[in-house]
Amino acid sequence: MALLASILVSFLGSSSAPTPLYAVYQQHWGFSPITTTVVFGVYAVAVLSSLLIFGRLSDQVGRRPVLVTALIVQALAMVAFITADSVGALLAGRVLQGLSAGAAVGAIGAGMLDIDARKGGFLNSFAPMMGTASGVLASGLIVQYLPAPTRLVYAVLLGVFVLQALAVLALKETVSRGPGALASMVPEFKLPRSARTPIAVAAPLMFAVWSLSGLYGALGPAITRTLLHSTSVLWGGLPLLVLALSAGLAVVLLRRATTRVMLPISISTLIAGVLITLLSIAWGDGGASSAIGFFVGAAISGVGFGSGFQGGIRLVVPRVESRERAGVLSLLYVVCYVGLGLPAVIAGVLVVYGGGLTRTSEEYGAAVIVLALAALTVLVLSGRRAERRQETSPFQENAVQVSEG
């Protein structure tokens, strides 16, 4: 369990590690904000492609082969970053990262659930937050205070992935191999019947919270530079760090809460945090007060991020069989990474060709609020339908409780 959780942490850490470095790359290679968001978004596209092709593979061939292969590809991505001397090389590294992460996240999550359903559900929500936070923090500190800023962080991660690959070889397999490996690689959106209604409720909220992560990851460094008039890479990575740490804390504090409690908390804090963030950007004076408001908004939004992601997983995963877990988890991550990548790329285009950074941030935040309200609408409607039908399946009982709450 600890090994699988550490792999999830390191994968998400490596995905967020370039965030503080974008300003350094931009200074060295002279590219525009559009390029920054494309580099950010291409990772999400690669993850999506990999999820659709390899997301269910570990249900057929076992968890270990998929994880070892993914760790090897992740190590190759680190080599690409270490030797990168252009935007093209940076994009290649991000593509390799995304392909390996997409293949691994479903297998890791399903493997932890195979071992212990309760602890596995918690770690599936907690580890990504800690990975995102640790990647930003470690990268920012290395870039700011240690030599070889564009290489050292990747060298450290390379060593971590090699050690983890060796450790996975010693793991006991948790599922038996079965036929249909090639067929499982044909992309499809077939869902177990038991998971369809829960996913309809969870998907809008998970899309919204990961869109918020895209806002802080893609535009956070530029917003911070504008508010604080500072080019420090530590300040540039701080918005995403605050968001991730707050999300991780929410996962821990709400781990025993029911979805009836968790989902309304997520939606309300998400909306409140984004509103505070937008007011700080729009009405701030570019000094300490606007920066403080911006980070307070990030912290409150992080509560919505963590509780929404955890609530979505807990709403869906318990309704599927063990051989369906990796596929269903992969589909949830498809929703998450569409929310992470697509709005971020659109935002990059709008920063350059639309209304600039401030207006784009406001429009992005408003879109997140609309998504959160849509999630609330779906949640309420599903509860009312369950009440009318008066059925007693586990999910429908929970939906009634959500409506009553």
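These numbers were taken from a predicted model, which means no experiment stands behind them.

**Brief notes about the packing of helix H1 (residues 2-16) against helix H7 (residues 117-145)**
Line of reasoning, step 1. Interhelical geometry of H1 versus H7 gives an angle of 40° and a closest axis separation of 7 Å. Looking at the two axes, H1 sits oblique to H7. Judged by the sense of rotation from one axis to the other, the crossing of H1 with H7 is right-handed. On H7, the residues that touch Ala5, Leu8, Val9, Leu12, Gly13 and Ser16 of H1 are Leu123, Asn124, Ala127, Pro128, Met130, Gly131, Thr132, Ser134, Gly135 and Val136.
Line of reasoning, step 2. For the contact of H1 with H7, the per-class residue count stands at nine nonpolar, seven polar and no charged.

**What about the pattern of salt bridges?**
Line of reasoning, step 1. Tallied over the entire structure, the rule returns two salt bridges.
Line of reasoning, step 2. Here Asp114 ties to Arg63 by a salt bridge, and the two come within 3.0 Å at their closest N and O atoms. One end of the pair, Asp114, is in helix H6 (residues 87-115); the other, Arg63, is in helix H5 (residues 63-82), and 51 residues separate them in sequence.

**With respect to the environment of Ser49**
Line of reasoning, step 1. The topology assignment puts Ser49 in helix H3 (residues 33-54).
Line of reasoning, step 2. For Ser49, a relative accessible area of 33% gives the class partly exposed.

**Here we look at empty space enclosed by the protein**
Line of reasoning, step 1. Per the counting criterion, the structure on display carries four cavities of 30 Å³ or more.
Line of reasoning, step 2. There is about 160 Å³ of room inside the largest cavity.
Line of reasoning, step 3. Contributing elements (two or more residues each) for the lining of the largest cavity: H1, H3, H7, helix H10 (193-228) and helix H14 (325-353).

Conventions adopted
- Residues numbered from 1 in each chain as written.
- Predicted model: local features only at pLDDT ≥ 70, side-chain atom pairs only at ≥ 80, totals over all residues.
- Heavy atoms only, no water.
- Axes fitted to C-alpha atoms, helices over the stretch in contact; angles between N-to-C directions.
- Helix = DSSP H or I, 4+ residues; strand = E, 2+ residues; numbered from the N terminus.
- Parallel < 35°, antiparallel > 145°, perpendicular 65-115°, else oblique.
- Left-handed = near helix turned anticlockwise from the far one by under 90°.
- Contact = heavy atoms within 4.5 Å.
- Nonpolar A, V, L, I, M, F, W, Y, C, P; charged D, E, K, R; others polar.
- Salt bridge = Lys/Arg side-chain N within 4 Å of Asp/Glu carboxyl O.
- Buried < 20%, exposed > 50% of the residue type's maximum accessible area, 1.4 Å probe, protein only.
- 1 Å grid on protein atoms, 1.4 Å probe; cavity = no way out; pocket = protein on both sides within 12 Å on 5 of 7 lines; lining within 4 Å.
- Points joined across faces, edges and corners; volume = space filled by probe spheres on them.

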